[in-house]
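Here is what each chain is made of, one letter per residue.
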Amino acid sequence: MSELSNITEGAGLMTNGQPDSPKTQRRMSLPKNWGRCLLILVPYIWLLVLFLVPFIIVVKISLSDTAIAMPPYVPTFAWSEGWTGFWNMISGWDLENFTWLMEDDLYWKSYLSSLEIAVVSSLLALLIGYPIAYSMARAPSEWRPTLLMLIILPFWTSFLIRVYAWIGILKKEGLLNMALMHLGIIDDPLTILNTDIAVYIGIVYSYLPFMVLPLYSSLEKMDDSLLEAATDLGCSPFKAFWLITVPLSMPGILAGCFLVFIPAVGEFVIPDLLGGSNTLMIGKTLWVEFFSNRDWPVASAVAVILLILLVVPIVLFQRQQEKQQEKGA
Amino acid sequence: MNGSPNSGSGCNFAPWSDPKEKPLIRFDAVTKKFGDFVAIDNLNLKIYEREFFALLGPSGCGKTTLMRMLAGFEQPTMGSIMMRQQHLTDIPPHRRPVNMMFQSYALFPHMSVEQNIAFGLKQEKRPKAEIKDRVEEMIALVQLQAFAKRKPHQLSGGQRQRVALARSLAKKPKLLLLDEPLGALDRKLREQTQFELMTIQEKLGTTFVIVTHDQEEAMTVASRIALMDQGKLVQVSTPREIYETPNSRYVADFLGDVNIIGGHILGPDDKEDDIVQLAWHEDYAPLRIRLPQPVSFPEKGTERWVAVRPEKVRITKEYPTDTHNILKGKVLDIAYTGNISTYHVETEDGQIIKSQEANLEHLHRRAITWDDEVYVHWRAGGCVLLER
Ligand SMILES: Nc1ncnc2c1ncn2[C@@H]1O[C@H](COP(=O)(O)OP(=O)(O)OP(=O)(O)O)[C@@H](O)[C@H]1O
Ligand SMILES: [Mg+2]
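Since the model is a prediction, treat every value here as computed from it, not as a measurement.

Cut-offs used in this document
- Throughout this description, residue numbers start from 1 for each chain and increase along the sequence as written.
- All chains are assigned letters beginning with A, and all ligands numbers beginning with 1, in the order in which they are written.
- Only residues with pLDDT of at least 70 are given local features in this predicted model, and only at 80 or more are side-chain atom pairs given and counted; all residues enter the totals for whole chains, interfaces and linings.
- The basis for the side-chain values is all heavy atoms of the structure; hydrogens and waters are excluded.
- By definition, any uninterrupted DSSP run of H or I lasting at least four residues is a helix, any uninterrupted run of E lasting at least two residues is a strand, and each is numbered from the N terminus.
- Partly exposed describes any residue whose relative accessible area lies between the buried limit of under 20% and the exposed limit of over 50%, with all areas from a 1.4 Å probe on protein chains only and scaled to the type maximum.
- Any two residues having at least one pair of non-hydrogen atoms within 4.5 Å are treated as being in contact.
- For the accessible areas, the method is Shrake-Rupley and the probe is 1.4 Å, while residue cover comes only from the protein chains on display.
- When charges are counted, neither His nor the chain ends are considered; positive counts come from Lys and Arg and negative counts from Asp and Glu.
- Think of each charge as sitting on NZ of Lys, CZ of Arg, CG of Asp or CD of Glu.
- UniProt positions are given in the numbering used here, feature names are shortened, and annotations may be inferred rather than shown by experiment.
- Pairs of strands are assigned from DSSP output, requiring at least two bridges between the strands.
- To define axes, lines are fitted to C-alpha atoms, for helices over the stretch in contact only, and angles between the resulting N-to-C directions are given on a 0 to 180 degree scale.
- Put simply, a salt bridge is a Lys or Arg side-chain nitrogen that is within 4 Å of an Asp or Glu carboxyl oxygen.
- We call a residue near a molecule or strand when any one of its heavy atoms sits within 4 Å of it.
- Side-chain atoms alone can form a polar contact between residues adjacent in sequence; in general such a contact is a pair of N or O atoms within 3.5 Å, and within protein one must be able to donate a hydrogen while the other accepts it.
- Gly is placed with the polar residues, together with every amino acid not listed as nonpolar (Ala, Val, Leu, Ile, Met, Phe, Trp, Tyr, Cys and Pro) or charged (Asp, Glu, Lys and Arg).
- Domain start and stop positions are those given by an automatic or database domain assignment.
- Buried area is understood as the total, over both parts, of accessible area removed when two parts are fitted together, assessed with a 1.4 Å probe.
- For Phe, Tyr and Trp, where Trp contributes only its six-membered ring, two rings pair if their centres lie within 6.5 Å, and the inter-plane angle classes them as stacked under 30 degrees, edge-to-face over 60, or tilted in between.
- To sit over a ring, a charge needs its Lys NZ or Arg CZ within 6 Å of the ring centre and within 35 degrees of the ring normal.

Draft legend 1. Broad picture of the overall build of chain B. Secondary structure assignment for chain B yields 8 helices and 20 strands. For chain B, the spread of C-alpha atoms along the three principal axes comes to 75 × 50 × 45 Å. Expressed as a percentage of the 388 residues in chain B, the buried residues total 52%. Counting contacts in chain B only where the partners sit at least 6 residues apart, residues at least 24 apart contribute 66% of the total. When the accessible surface of chain B is summed, it comes to about 18700 Å², and 48% of that surface belongs to carbon and sulfur atoms. A gap of 11 Å separates the mean positions of the 51 positive and 51 negative side-chain charges of chain B.

Draft legend 2. Structural context of the UniProt feature "domain: ABC transmembrane type-1" (unreviewed entry) in chain A. Per the UniProt annotation, the sites labelled "domain: ABC transmembrane type-1" (unreviewed entry) are residues 111–317 of chain A. Measuring from the first to the last C-alpha atom of residues 111–317 of chain A gives 20 Å, for a span that is 77% helix and 0% strand.

Draft legend 3. Quick peek at the sheet that holds strand β6 (residues 98–101) of chain B. All names here are of chain B. Spatial ordering of the open sheet is given by β6-β7-β8-β3-β9-β10, a layout of 6 strands whose pairing is mixed. Looking along the sheet, the strands with just one partner apiece sit at the ends: β6 and β10 (232–237). Averaged over all adjacent pairs, the angle separating strand axes in this sheet is 20°, with direction ignored. In terms of strand pairing, strand β3 (residues 52–56) meets strand β8 (residues 207–211) through 4 bridges, oriented parallel. Bridge pairing links Leu55 to Val211 in β8.

Draft legend 4. Region of the structure containing the pattern of salt bridges. Counting across every chain of the model gives 20 salt bridges over all chains. For Arg138 of chain A, the salt bridge is made with Asp224 of chain A, and the minimal N-O distance between the two is 3.1 Å. Placement of Arg138 of chain A in helix α6 (residues 105–138) and of Asp224 of chain A in helix α11 (residues 224–232) is noted, with a sequence separation of 86 residues between them. Given the relative accessible area of 45%, Asp224 of chain A is considered partly exposed. Through salt bridges with shared partners, one network takes in Glu228 of chain A together with Lys32, Arg68 and Glu74 of chain B.

Draft legend 5. A look at the site of ligand 1. Residues and elements named next belong to chain B. Lining the immediate surroundings of ligand 1 are Phe34, Phe37, Ala39, Ser59, Gly60, Cys61, Gly62, Lys63, Thr64, Thr65, Glu180 and His213. Note that an oxygen atom of ligand 1 is positioned 2.9 Å from one of the backbone N or O atoms of Gly62. At a separation of 2.5 Å, an oxygen atom of ligand 1 approaches a polar side-chain atom of Thr65. Starting from 630 Å² of accessible surface for ligand 1 in isolation, the protein chains cover 61%. Looking at the shell around ligand 1, the elements that each hand over two or more residues are β2 (37–47) and α1 (63–71). Looking at which element gives the most residues to the shell around ligand 1, the answer is α1, with 3 residues. The residue inventory of the shell around ligand 1, partitioned by class, reads 4 nonpolar, 6 polar and 2 charged.

Draft legend 6. Representation of the side chain of Arg134 of chain B within the structure. Residue and element names in this part refer to chain B. Structurally, the position occupied by Arg134 is in helix α3 (residues 128–141). Side-chain polar atoms of Arg134 contact the side chain of Glu137, separated by 3.2 Å. One polar contact links the side chain of Arg134 to the main-chain carbonyl oxygen of Leu169, over a distance of 3.4 Å. Residues in contact with Arg134, not counting those within four places in the same chain, are Leu121, Leu169, Ala170 and Lys172.

Draft legend 7. View of the environment of Thr64 of chain B. Along the polypeptide, Thr64 of chain B turns up in helix α1. The spatial distance from the C-alpha of Thr64 of chain B to the C-alpha of Gln103 of chain B is 9.6 Å, given a sequence separation of 39 residues.

Draft legend 8. Representation of the domain arrangement of chain B. Residue and element names in this part refer to chain B. We note that the domain assignment places domain 1 (15–97 + 173–252) and domain 2 (258–386) within chain B. Using only C-alpha atoms to locate each centre, domain 1 and domain 2 end up separated by 34 Å. Buried area between domain 1 and domain 2, summed over both chains or domains, comes out near 760 Å², and the portion from carbon and sulfur atoms is 57%. Together, Tyr243, Arg249 and Ala252 form the three largest contributors to the area buried by domain 1 at its contact with domain 2, with a combined 69%. Taken together, the links from domain 1 to domain 2 amount to 1 salt bridge. The shortest N-O distance in the salt bridge between Glu244 and Lys312 comes to 3.0 Å. At the surface where domain 1 touches domain 2, the tally comes to 4 residue pairs in polar contact (both at pLDDT 80 or more). Those elements giving two or more residues to the side of domain 1 that touches domain 2 turn out to be α7 (239–244) and α8 (249–254). Among the elements that make up the side of domain 1 that touches domain 2, the one with the highest residue count is α7 (3 residues).

Draft legend 9. Representation of the pairing of strand β4 (residues 78–83) of chain B within the structure. Residues and elements named next belong to chain B. Direction of pairing for strand β1 (residues 25–34) relative to β4: antiparallel, over a ladder of 5 bridges. Within β4, the residue paired with Phe27 across the bridge is Ile81. Strand direction decides the pairing type here: β4 and strand β5 (residues 86–87), joined by 2 bridges, are antiparallel. Along β5, the bridge assignment pairs Met82 with His87. Linking β4 back to β5 in an antiparallel pair, the connection comprises 2 residues, with Arg84 at a positive phi of about 50°.

Draft legend 10. Inspection of the interface of chain A and chain B at higher detail. Facing the 19 residues of chain A at the interface are 23 residues of chain B. In terms of surface lost to chain B, no three residues of chain A exceed Glu228, Asp232 and Leu233 of chain A, which account for 38% of the buried area on that side. Salt-bridge contacts for Glu228 of chain A lead to Arg68 of chain B; the nearest nitrogen and oxygen are separated by 2.8 Å. At the boundary of chain A with chain B, the tally comes to 6 residue pairs in polar contact (both at pLDDT 80 or more). Every element with two or more residues in the side of chain A that touches chain B is listed here: α11 and α12 (237–248) of chain A. For the side of chain A that touches chain B, the element with the highest residue contribution is α11 of chain A, accounting for 7 residues. Split into classes, the residues belonging to the side of chain A that touches chain B amount to 10 nonpolar, 4 polar and 5 charged.

Draft legend 11. Structural view of the packing of aromatic side chains. Evaluated as defined, the whole model comprises 16 aromatic pairs over all chains. Measuring from ring centre to ring centre gives 6.3 Å for Phe51 of chain A and Phe55 of chain A, while their planes differ by 10°; the resulting arrangement is stacked. You can see Phe51 of chain A and its partner Phe55 of chain A sitting in helix α3 (residues 34–62), 4 residues apart, about one turn around the helix. Per residue, the accessibility class of Phe51 of chain A equals that of Phe55 of chain A, and both read buried. Residues Phe258 of chain A and Phe317 of chain A carry aromatic rings whose centres are separated by 5.3 Å and whose planes lie at 65° to one another, so their mutual orientation is edge-to-face. Residue Phe258 of chain A is located in helix α13 (residues 250–265), and its partner Phe317 of chain A is located in helix α16 (residues 296–327); the two are separated by 59 residues in the primary sequence. Per residue, the accessibility class of Phe258 of chain A equals that of Phe317 of chain A, and both read buried. Clustering of aromatic rings is evident, with ring pairs tying together Phe268, Trp287, Phe290, Phe291 and Trp296 of chain A. Its end group placed over the ring of Tyr243 of chain B, Arg309 of chain B keeps NZ or CZ at 4.1 Å from the ring centre.

Right, dumping it as structure tokens:
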């Protein structure tokens, strides 16, 4: 839940490209334009109710102890006890669950492996997405809306179904193995399903549009005459690509990488469906902790640490967006 | 009129009239088509070293296309472009000793002023110290010392334009192409930069090809002006020639203001034998035009036009003496533009003749006013006879 709202926040920044700068916010606080104040207040209330309050609840649970009860943790707050109840709850809190996370290497291994999978998937998505976005931006302008549509088209079917479909492609007697064997490229079916490779395929496939769209929007904005100017000044077309196109599409590259990386870190469905028993991802660990072990406090602690880990790239992402804003590009 | 170091009367820079001189650039029967559309139509042109060559013409006549073929961004459909002994068509744009200053400047937004200017030099892998010196020199030339570390978006339009100019000059190209380089500047800055361009040209000895919509600019800076129309060159001459002796009504009309009267050749004048008489109206005396030496008389009865610039047409209330062509008319309109006034005079047969006078007196002391009966007159040497 918590990371989800972060992603949408990030995506919002990406699509409208104009986050409110501190300056406009300061102007907002003037009582004169209360209408605009109200307008800006609505999303804040939304965030408060649907992001901050649930997050505080999660933090609260992470500080509690497990219990065989409903809900499965203590201490809880009882309205009937009033202030003393509140005080009892707070004094019952401790950091036990967090120390536990550090002691058991399952957790930090999951975090590390999640980060690794997310980083590698982002880079793979970049490698695949860049040529796609580039050729889209170079396509005749009357084709571009259709091409954009094609990129967005997968969203019209359920994410879950699309990931499921990959099982049919990747399994031993699946489409891919059949095709490869039919063509005589391999003799024995490859084991792809239930390995990390399948997880990479799933993540890259699922999040590719998030890579292609910001890349496309930054590449499309680029003025062709800049490349002409570069070649005019003695730069070969290939070098001009590295010296002009790549730096100028850097905002798109960063936005795309963050938009793939951030949701990929906490991804659960893909490793669960496509990954093997030894695919460690924090989303899966969290699920097991929450539903199989019914250890809500530890699960909450896992979620809190995950959020803290994600705050770093999110802040970096916003910094970069702001810098872009300052450039007025 | 000619402020250019090339075209001033004191200096005899005229390689185009020297048959021994080899041109720097030669267009041979160049045609450029976009689909079925002919943008450049069988064009022949020679541009010489150290020239300041101005391309003039209405919008869409193919000026930019011509430039882009020189820079290598477009290939001619037919014909060849030579630079000295080399076929330019075979050389990719990044290997041509040609630099172009884009009308949109095309500055690299992620690089500072310095980096933009150094870009071309870095591509040549010159030593670092040399690049640094050259960049400094260029920045000083366009007077942007205070802005060297800024990015293009932190500069004003005029400053960006100067960066673009410095960048295209930095590599000391043999040929520099400027596509409407001063289009975005105000009059003052424009004149200043024109002067700068001419100084740069004098210093570096580069050959310039410049596209402009501003005739005055072309007249000021160019050694020769080429007037284009629908992919063809209509006339290529020095500013003075193209203004004083246009080869067609189109040229005369495109450059500056002109009065054109059509008629038929009558024959030589009885008194002066280099003056031809043109019958233009059955009720009026023929017009008399002095022909350039050596005299070659057109055949009697052929259709010709006389073109006379408004500033060469005098206007008086009294019947003038010592002149060749006199028309009587009524003042229809007076356009006041500060330093000069343009009188629109309607002759008795309905022809409008424009006459320009310098405003020597204060406006309220002007002798001629609306609806006055006046004579407009000009000398035979002040007009030209046009074939088409
Ligand atoms: N890439 C192209 N495809 C099709 N037609 C083109 C292309 N480039 C130019 N043209 C056409 O060729 C003609 C000449 O264009 P060009 O840009 O050379 O005009 P120009 O003389 O520079 O005009 P302006 O003064 O308005 O800049 C125009 O009619 C234009 O529409
Ligand atoms: Mg043009």
